[in-house]
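# Inside the fold
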Amino acid sequence: VCMLCRRAEADPAICGRKLEKQGLYAHVFCLLFVFSLLQHFVKELSKEQNRGGVRLEDIRRVIKQAERKHCVVCGESGATITCRETGCDRSFHLPCAVEGGCVTQFFGLYRSFCWEHRPEQELEVAPAQETTCLICLDRVEDGKSYSTMVCPACKHAWFHRGCIQNQAIHASASGFHCPHCRNEYRFTMEMLTMGIRIFFSPPSREERQRYTAQSERHIRCDARECLCPGGREQAEEEGPWELLLCRSCTAEGTHRRCSSLGSRRASWECGSC
């Protein structure tokens, strides 16, 4: 049984493989979503021998803390994942996230959000009557929701959350795209933000060069008036000074506060786009 989610069997696409250390078991992503263990685990996960990557005392400390928290979805104790919204103390198990409408972001800081504070798609569109999921061909809901999603690029491709997650499992990052317009970059960024886990493969040399060029070009706030005390080139992982790139062109960026973007805004588009 995983000592974090309390499951002997869990979806490996969501929880990852199970690791063992001195008789304690834990899923890879159950560990990654425990913020206090993140720095230790990510450092060791990059090594080939990662079975000993997390210190045993850290795991035991988190387990002891989790015994006092109950999952808001299933009601059982041992909820190690807490909503990252400031002031929210809702906690849940990783396998319970989808059932409870929670979002877990499988990248960066591995942030998690409850159903009230989760990011939502910004597009003001709605599916036409009788619209079906492009993957399973069953009908979708009448509007955007946790379980009904739309491509941010073409705005015409509608699909179920579970269907696009299954597609992401069977496609590498380079082969994951909108099933309708085949857009890759905007589609992938949006799906990651909305909590879809994508299986990344090592980038090619050309991809690394392209990403390097983009990162060198887009490292500043382009708002008309930058309010950041540290200047236009300061960026933080979250909060008012988190830097968002334009979801269409990725050629301009802004701090959240400089463009009055709340913490729930998942994306931003520059004035030109």
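What you see is a predicted model, and the numbers here were worked out from it, not measured in a lab.

Attention shifts here to the nonpolar core. If you look at the biggest cluster of nonpolar residues, it comprises 29 residues, and the most contacted ones within it are Leu4, Phe29, Cys30, Phe33 and Leu94. Among the elements of the structure, helix H1 (12-15), strand E2 (24-27), helix H2 (28-32) and helix H4 (56-66) are those that each provide at least two residues to this core. Examining the composition of this core, we find that 5 residues originate from one element, H2, more than from any other. Ignoring sequence-local partners within four residues, the contact set of Phe33 consists of Ile81, Leu94, Thr104, Gln105, Phe106, Tyr110, Arg111 and Ser112. Membership of the second largest hydrophobic core comes to 22 residues, among which are Cys151, Ala157, Ile164 and Ala266.

Considering every residue of the protein, the mean pLDDT works out to 82; 84% of them sit at 70 or more. By mean pLDDT, helix H7 (residues 205-217) is the weakest element of the protein at 51, and strand E5 (residues 103-104) is the strongest at 95. For residues 46-52, every residue scores under 50 in pLDDT, and the model assigns this stretch 7 contacts once sequence neighbours within four places are set aside.

Even without a glycine there, the phi angle at Tyr110 is positive, about 50°. Relative to the assigned elements, Tyr110 resides in the loop between E5 and strand E6 (112-113). Owing to a relative accessible area of 17%, Tyr110 belongs among the buried residues under this scheme. Phi angles above zero are rare outside glycine, and Lys155 is one such case at about 65°.

Now for the pairing of E2. Two strands pair when backbone bridges link them, and strand E1 (residues 18-21) and E2 are joined in this way by 4 bridges, in the antiparallel orientation. Within E2, the position partnered with Lys21 by the bridge is Leu24. Counted along the chain from E1 to the antiparallel partner E2, the turn is 2 residues long, and its residue Gln22 has a positive phi close to 50°.

Our focus in this paragraph is a nonpolar patch on the surface. Nonpolar side chains collect at one region of the surface, where Tyr185, Met189 and Leu245 lie side by side and expose about 240 Å² of accessible area between them. Summarising the element assignment, Tyr185 is placed in helix H6 (residues 185-193). Residue classification places Tyr185 among the partly exposed positions, given a relative accessible area of 37%.

Here the focus is the pattern of salt bridges. Per the stated rule, a full pass over the model turns up 7 salt bridges. Notably, a salt bridge pairs Arg84 with Glu238, separated by 2.7 Å at the nearest N-O pair. Here Arg84 is found in the loop between strand E3 (81-82) and strand E4 (91-92), whereas its partner Glu238 is found in the loop between H7 and strand E9 (243-245), with 154 residues between them in sequence. Residue class for Arg84 comes out partly exposed when judged on its relative accessible area of 23%. Across the pair Glu238 and Arg111 runs a salt bridge, and its minimum N-O distance is 3.5 Å. One end of the pair, Glu238, is in the loop between H7 and E9; the other, Arg111, is in the loop between E5 and E6, with 127 residues separating them in the sequence. Put simply, Arg84, Arg111 and Glu238 are held in one network by salt bridges that share partners.

Right, let's get into H4. Burial in H4 covers these residues: Leu56, Asp58, Ile59, Val62, Ile63 and Ala66. Projected onto a plane normal to the axis of H4, the buried residues spread over an arc of 165° and lie on a single side. For H4, exposure combined with an orientation more than 90 degrees from the buried face picks out Arg60 and Lys64.

Rules behind the numbers
- Residues numbered from 1 in each chain as written.
- Predicted model: local features only at pLDDT ≥ 70, side-chain atom pairs only at ≥ 80, totals over all residues.
- Heavy atoms only, no water.
- Core = buried A, V, L, I, M, F, W, Y, C linked by side-chain atoms within 4.5 Å.
- Buried < 20%, exposed > 50% of the residue type's maximum accessible area, 1.4 Å probe, protein only.
- Helix = DSSP H or I, 4+ residues; strand = E, 2+ residues; numbered from the N terminus.
- Contact = heavy atoms within 4.5 Å.
- pLDDT = per-residue confidence, 0-100.
- Pairing = 2+ DSSP bridges.
- Patch = residues over 30% accessible without salt bridge, like charges linked within 9 Å, V, L, I, M, F, W, Y side chains within 5 Å.
- Areas by Shrake-Rupley, 256 points an atom, 1.4 Å probe, with all protein chains shown as cover.
- Salt bridge = Lys/Arg side-chain N within 4 Å of Asp/Glu carboxyl O.
- Arc of directions from axis to C-beta.

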